[in-house]
Amino acid sequence: SIHSLSLSLQAKMSKPVQARRLEGIDKNIWVEFVKLAATYSTVNLGQGFPDFPPPDFLKEALERALGGENHALHQYTRAFGHPPLVKILAQFFGKLLGRDLDPMTNVMVTVGAYQALFCCFQAFVDEGDEVIIIEPFFDCYEPMVKMAGGTPVFVPLRPRTPKDGKLMSSADWQLDPDELASKFNERTKAIVLNSPNNPLGKVFSRGELELIADLCARHDVLCISDEVYEWLVYDGKEHIRIASLRGMWDRTVIIGSAGKTFSATGWKVGWTVGPDRLLQHLRTVHQNSVYHCATAPQDAVAQGFQRELELYGKPDSYFIRLPKDLQRKRDRLIQSLDAVGMKPIVPEGTYFLVADISEFKSDVPDVPDSEEPYDSRFAKWMVKSKGLAAIPLSAFYSEAHKNNYTRFIRFCFAKEEATLKAASDILQKWKREKTRP
Ligand code: PMP
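Along every chain, residues carry numbers that run from 1 in the direction the sequence is written. Per-residue local features are limited, in this predicted model, to residues with pLDDT of at least 70; the limit for side-chain atom pairs, both in listing and counting, is 80 or more; totals at the level of whole chains, interfaces and linings are taken over all residues. Just so you know, side-chain values use all the structure's heavy atoms and leave hydrogens and water out.

Engineer: I'd love a proper account of the packing of helix α2 (residues 29-40) against helix α13 (residues 374-386), names of residues and values included.
Structural biologist: In this analysis, axes come from line fits to C-alpha atoms, helices being fitted only over the stretch in contact, and the angle between any two N-to-C directions falls in the range 0 to 180 degrees. Where helices and strands are cited, they refer to DSSP runs of H or I of at least four residues and of E of at least two residues respectively, numbered from the N terminus. Relative orientation of the contacting elements α2 and α13 amounts to 20°, with a least axis distance of 9 Å. As judged from the angle between their axes, α2 and α13 are roughly parallel. In this structure, α2 contributes E32, F33, L36, A37 and Y40 to the contact, and α13 contributes S376, A379, K380, V383 and K384. Residue composition of the contact of α2 with α13, grouped by class: 6 nonpolar, 1 polar and 3 charged. Each angle is binned into one of four classes, with values under 35 degrees roughly parallel, values over 145 roughly antiparallel, values of 65 to 115 roughly perpendicular, and all other values oblique. Whether two residues touch is decided by their heavy atoms; if any such pair falls within 4.5 Å, the residues are in contact. Note that Gly is not counted as nonpolar here; it falls among the polar residues with everything else outside the nonpolar set of Ala, Val, Leu, Ile, Met, Phe, Trp, Tyr, Cys and Pro and the charged set of Asp, Glu, Lys and Arg.

Engineer: Give a detailed account of the UniProt feature "domain: Aminotransferase class I/classII large" (unreviewed entry) in the protein, specifying residues and quantitative values.
Structural biologist: UniProt positions are given in the numbering used here, feature names are shortened, and annotations may be inferred rather than shown by experiment. As annotated by UniProt and renumbered to match this structure, "domain: Aminotransferase class I/classII large" (unreviewed entry) occupies residues 43-423. Across residues 43-423, the secondary structure splits into 38% helix and 17% strand, with the terminal C-alpha atoms separated by 6 Å.

Engineer: Please provide a residue-by-residue account of the pattern of salt bridges, values included.
Structural biologist: We define a salt bridge as a contact between a side-chain nitrogen of Lys or Arg and a carboxyl oxygen of Asp or Glu at a distance within 4 Å. All chains considered together, the criterion is met by 25 salt bridges. Here R187 ties to E130 by a salt bridge, and the two come within 2.9 Å at their closest N and O atoms. With R187 in the loop between α7 (177-183) and β7 (188-194) and E130 in strand β3 (residues 130-135), this residue pair connects regions lying 57 residues apart in the sequence. Only protein chains enter the calculation, and the probe is 1.4 Å; a residue is then buried if its accessible area is under 20% of its type maximum, exposed if over 50%, and partly exposed in between. A relative accessible area of 41% places R187 in the partly exposed class. By relative accessible area, which is 12% here, E130 ends up buried. The closest approach of N and O atoms between R160 and D172, which form a salt bridge, is 3.8 Å. Pair noted here: R160 is in the loop between β5 (158-159) and β6 (173-174) and D172 is in the loop between β5 and β6, with a separation of 12 residues, a long-range link. Relative accessible area serves as the criterion here: at 46%, R160 is assigned to the partly exposed category.

Engineer: Report on the domain arrangement of the protein, specifying residues and quantitative values.
Structural biologist: Under the domain assignment used here, the protein contains domain 1 (22-54 + 318-435) and domain 2 (56-311). Where each domain begins and ends follows an automated or database-derived domain assignment. The C-alpha-based centres of domain 1 and domain 2 are spaced at 25 Å. Counting from both sides, the interface comprises 40 residues of domain 1 and, opposite them, 49 residues of domain 2. Three residues, P54, F319 and E348, lead the burial of domain 1 against domain 2; their summed loss comes to 24% of the area buried on that side. Applying the counting rule to domain 1 against domain 2 returns 2 salt bridges. Its salt-bridge partner being D235, residue R330 comes within 2.9 Å of it at the nearest N-O pair. Listed by contribution, the elements that provide at least two residues to the side of domain 1 that touches domain 2 are α12 (318-340), β11 (343-345), β12 (352-356) and β15 (408-412). Examining the composition of the side of domain 1 that touches domain 2, we find that 10 residues originate from one element, α12, more than from any other. Buried area adds together the accessible area that both of two parts lose upon being put together, with accessible area traced by a 1.4 Å probe.

Engineer: Outline the sheet that holds β12, supporting the account with residue identities and numerical values.
Structural biologist: Here we have 4 strands laid out as an open sheet, ordered β11-β12-β15-β14, and antiparallel in their pairing. Looking along the sheet, the strands with just one partner apiece sit at the ends: β11 and β14 (391-392). The pairing of β14 with β15 spans 2 bridges and is classified as antiparallel. Among the inter-strand pairings, I391 is bridged to a residue of β15, identified as R410. Across the face of the sheet, α13 comes into contact with β14 and β15 while running at roughly 50° to β15. Strands were regarded as paired on the criterion that DSSP finds at least two bridges between them.

Engineer: Give me the lowdown on unusual backbone geometry, citing residues and values where you can.
Structural biologist: A cis geometry characterises the amide bond from E135 onward to P136, with omega recorded as -5°. A cis geometry characterises the amide bond from N198 onward to P199, with omega recorded as 20°. In this fold, P199 is placed in the loop between β7 and α8 (206-219). For D164, which is not glycine, the phi torsion reads 35° and is therefore positive. Looking at where D164 falls in the secondary structure, it is placed in the loop between β5 and β6. Residue D164 is classed as exposed on the basis of its relative accessible area, which comes to 68%. The phi torsion at T350 lies on the positive side, around 65°, for a residue other than glycine. Its place among the elements puts T350 in the loop between β11 and β12. Owing to a relative accessible area of 0%, T350 belongs among the buried residues under this scheme.

Spelled out as structure tokens, the structure:
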């Protein structure tokens with residue numbers, strides 16, 4: 001038929017279909033691990049999202065936005081952010097940063113933190129520019145830098161063994177100051193900072209942030225500060241915003257996420273906060289790609305922030321309650337893992353926990369010369385034969401460094417008690433089977 005003739009002609013096109021900017025970034029571990037978890041897992045501690053509901057006040061705010069009298073909430077709103085949301089974000093972050101923020105120029109709403117990141121790389125990175133990424137890192141930074149034509153330059157957090165048999169903490173993973181400094185040069189355009197850090201849960205100390213800030217100032221480098229886990233810090237730790245350090249406001253874009261802040265990752269409401277001299281270029285990218293984010297969820301998130309501003313620092317604040325709950329869940333998972341010898345690295349923040357699988361190595365024999373890092377094969381085996389899903393740590397490293405970190409897997413503990421109990425049961429049964437003669 002004519003139809004199949006035209007299809008076969010199309011298939012014979014000799015021009016390459018794929019744009020060069022996609023070269024080498026077509027593989028993505030999430031596609032594979034999300035599918036494996038969906039197929040095999042009975043307990044999914046893999047991908048980072050809560051299996052508990054968002055707070056009632058947020059759900060009710062969305063119901064009001066959708067079902068209320070204001071039909072305008074079903075239509076387009078302001079492209080760079082729904083006015084009630086940018087206003088409250090300016091007020092809230094103004095308070096946190098101790099600075100007057102203009103809702104129209106210092107805040108932009110995005111489709112999750114993901115699009116905020118994408119806007120930053122597209123807006124700031126030119127062909128040949130270098131962008132420093134601290135390993136282990138949220139994996140999308142690397143392909144996003146490459147799509148913008150830039151070159152990612154990796155610098156690892158280096159683990160040191162804790163003293164006197166204590167559990168390792170995410171604070172034991174640190175930058176080597178000389179190594180970090182050696183990555184800055186005249187081609188360096190930006191550094192990506194992610195504190196609290198996914199996957200380790202590391203909360204960068206003031207000293208570490210000052211080190212980064214000094215290098216940014218010395219080399220005139222921008223800081224893309226991914227702070228989506230800003231409220232999830234434990235044991236009385238403080239999340240310090242690098243933009244609040246001297247000289248950093250003018251060169252920093254803060255990125256946040258209502259998904260992480262209000263336990264509603266499916267809403268995909270995110271934001272950027274920063275100086276107009278930087279945000280004006282984010283607006284250009286946003287204007288010419290996404291243009292506009294869904295109105296009703298923005299309205300509901302605005303109401304959520306209104307509530308949080310009124311309750312700021314009070315026990316009823318969600319930003320106080322959530323980390324308190326999560327700290328208990330963290331401690332529960334630490335206990336379950338420690339009891340079976342899967343040594344946890346105690347995270348200071350986020351809802352992730354990285355654990356050492358060395359003691360379980362004999363269950364999944366190594367295949368020397370395999371292209372695939374050991375932890376990745378281990379995680380696949382674990383979900384298929386134990387029903388427990390987690391993510392290999394090597395997924396958070398560059399190709400060149402992947403094989404240096406293959407004895408860790410990452411768990412997400414933003415889960416109901418019953419889910420964490422089920423994970424613990426699987427681990428204990430596994431341990432019993434191992435020790436049986
Ligand atoms: N940054 C980090 C460090 C993350 O972990 C995530 C989500 N896993 C994002 C950004 C993306 O957030 P959002 O869902 O709001 O797009």
